[in-house]
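Architecture at a glance
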Amino acid sequence: MLPVTASATIDCPRDRAFVFVADLANRPTFTDHFIRGYHLERIPSTGVGAAARFRVQPPTARMWMETVIDAHEPPHMVRERGSGGRQDRIPVHTVWELLAGPASTTKVSVTFWTEPSHPIDRVKELLGARAWYRRRWSRALRRLKGTLESGE
């Protein structure tokens, strides 16, 4: 699947936003509308090696995915890699970028993509998965913005 990118400008200092986004334990607070069965694989939940497993249900498929933080560069980038699908055969990638904006705002961008190699997995993704993920990640960033701006 081609990369899906969503972004939002949040009225919050970049350091605070980074700490929140980089902690996998916080993910359900803004992604629980499309991710189910979320659980941490390792403790601690932040830094290189932190991992989580969860279930997603894009059109034509339901699958478990795992994500592991493989690059943690405060305060501007978190890169995750993982796998999903039947027998975890689909590589999954997520990159979070945080850019400081004017005053104390932060532009948060998330880019998500998969690399299915099996023909059946590629066909399933062609049937609407990209648009589905784009809508879900856009909503997740709106929810993240609400959470960080409210100070909860």
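It should be noted that the structure appears before, not after, this text.
To start, this report covers the structure provided alongside it. (Residues numbered from 1 in each chain as written. Predicted model: local features only at pLDDT ≥ 70, side-chain atom pairs only at ≥ 80, totals over all residues. Heavy atoms only, no water.)

Re the pattern of salt bridges
This model, assessed by the stated rule, comprises five salt bridges. A salt bridge links R143 to D32; the nearest nitrogen and oxygen atoms lie 2.6 Å apart. Of this pair, R143 sits in helix 4 (residues 129–150) while D32 sits in the loop between helix 2 (28–31) and strand 2 (35–40), and the two are 111 residues apart along the sequence. Residue classification places R143 among the partly exposed residues on the basis of a relative accessible area of 26%. Accessibility expressed as a relative area gives 37% for D32, which makes it partly exposed. Measuring nitrogen to oxygen at the nearest pair gives 3.7 Å for the salt bridge that ties R53 to D88. (Salt bridge = Lys/Arg side-chain N within 4 Å of Asp/Glu carboxyl O. Helix = DSSP H or I, 4+ residues; strand = E, 2+ residues; numbered from the N terminus. Buried < 20%, exposed > 50% of the residue type's maximum accessible area, 1.4 Å probe, protein only.)

A look at the side chain of T67
For T67, the location among the structural elements is in strand 4 (residues 63–73). Polar side-chain contacts of T67 include one of 2.7 Å to the side chain of E80. The residues contacting T67, other than those within four sequence positions of it, are A50, A51, A52, F54, E80, R81 and G82. (Polar contact = N/O pair within 3.5 Å; in protein donor to acceptor, adjacent residues only side chain to side chain. Contact = heavy atoms within 4.5 Å.)

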